[in-house]
Amino acid sequence: MKSGNHPLVLIKKRRGGHGHGHHGGSWKIAYADFMTAMMAFFLVMWLLSISSPQELTQIAEYFRTPLRTALTGGDRSGASSSVIPGGGANPMERLGEVEKSVMSERARLAREDRARLKKLRENLDQLIERDPRLKALRPHLLIEMTPEGLRIQIIDSQNRPMFQNGSAIVEPYMRDILRAIAPILNDLPNKISLSGHTDDLPYASGERGYSNWELSADRANSSRRELIAGGLAEGKVLRVVGMADTMNLKTHVSDAAVNRRISLLVLNRQTQIDIERENAESQAQDINSPEELPATVTPPSPAPDGPTEQ
């Protein structure tokens, strides 16, 4: 169409179309994330550039060490040739290198314990041979290796009792034995458990209620005091117990002298850990916290037979 000498131009506008409209601010979030990542990257590069070779080695070792290995103190995974950090060469194996390293460490400690206790037994044999007093008392000593450690038993006899009759007072020859072996025991890092044993004859004298249980415990504690007097550090004794007549060497003989004895056990590492775990505070129940106590049902009180006084 024309209007006079000028052409008429019509402009058609679309409504509701997208065209090149405004895209919003989502690109700003993506850009901010990118800049944050770049800043972190350059910060890491800067820290690496100012670190010494020793620090770089420690940083690399830190990132190669699994959390379980760091907590248990095992070998670092960086020392492994495995392509699986912290795992075995075969990913189908049930035990990875972390578990194997823990087991290997325990086996190493067990071997060291056995070697140390074996050396202790040799030293005790040499001490007995050198000391005329102890050599004469050799029949009263039973020394043997057990799964719990090295056990040294000092046994009684009809002719030479270790304690006064029905008492925890130590006889001189028993005192000589305990004080002679104390320095050798003190040289070891292993801790000690002391047990007192009696025969199964009932305790007929003394204060009321005093039995073989109290007597065996008192004799074990008297032996502990003699060991300390001989040079054993007090912290070396982990446990002192009285066993009464529950662990006899000779059965069916009520008054067998060998049943009256002191058992001294030099604990290996695993047995010590087991005893400490058994008596650990973490295993105890807090009686001050009502929610920790098991629920109990109080039985109803029986009805009175007759009228009660008001």
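Being a predicted model, the structure only gives us computed values, none of them experimental.

Scoring rules and cut-offs
- Here the residue index of a chain counts from 1 through its sequence in written order.
- Given that the model is predicted, a residue must reach a pLDDT of at least 70 before its local features are reported, and side-chain atom pairs must reach 80 or more before they are shown or counted; all residues, however, enter totals for whole chains, interfaces and linings.
- Water and hydrogen atoms play no part in the side-chain values, which are based on all heavy atoms of the structure.
- For two strands to pair, DSSP has to find at least two bridges joining them.
- Numbering goes from the N terminus for both helices and strands, where a helix is a DSSP run of H or I of at least four residues and a strand is a run of E of at least two.
- Expected helix span is given by 1.5 Å per residue-to-residue step, counting one fewer step than there are residues.
- Burial classes: relative accessible area under 20% of the type maximum marks a residue as buried, over 50% as exposed, and values in between as partly exposed (1.4 Å probe, protein chains only).
- UniProt positions are given in the numbering used here, feature names are shortened, and annotations may be inferred rather than shown by experiment.
- Patch criteria: residues need more than 30% relative accessible area and no salt bridge. Like-charged residues are merged within 9 Å; nonpolar side chains of Val, Leu, Ile, Met, Phe, Trp and Tyr are merged within 5 Å.
- Computed by Shrake-Rupley with a 1.4 Å probe, the accessible areas treat only the displayed protein chains as cover when residues are assessed.
- By definition, a salt bridge exists where a carboxyl oxygen of Asp or Glu is found within 4 Å of a side-chain nitrogen of Lys or Arg.

Draft legend 1. Representation of the pairing of strand 3 (residues 141-146) within the structure. With six bridges joining them, strand 3 and strand 4 (residues 149-155) adopt antiparallel strand pairing. Looking at strand 4, one finds that leucine 142 is bridged to glutamine 153. Linking two consecutive strands that pair antiparallel, namely strand 3 and strand 4, is a turn of two residues.

Draft legend 2. Helix 6 (residues 172-186), seen in detail. For helix 6, built from 15 residues, the straight-helix expectation of 21 Å at 1.5 Å per residue is met to within 8% by its first-to-last C-alpha distance of 22 Å. Those residues of helix 6 not exposed but buried are Tyr173, Met174, Ile177, Leu178, Ala180, Ile181, Ala182, Ile184 and Leu185.

Draft legend 3. Spotlight on the UniProt feature "transmembrane region" (unreviewed entry) in the protein. With numbering aligned to this structure, UniProt lists the feature "transmembrane region" (unreviewed entry) at residues 29-48. Helix makes up 100% of residues 29-48 and strand 0%, and the two end C-alpha atoms of the span are 29 Å apart.

Draft legend 4. Representation of a nonpolar patch on the surface within the structure. On the surface, Phe41, Phe42, Val44, Met45, Leu48, Leu56 and Ile59 cluster together into a nonpolar patch covering about 620 Å² of accessible area. Of all the elements in the fold, those that place two or more residues in the nonpolar patch are helix 1 (26-50) and helix 2 (53-64). Broken down by element, the residue count for the nonpolar patch peaks at five residues, all from helix 1. With relative accessibility at 33%, the residue leucine 56 sits in the partly exposed group.

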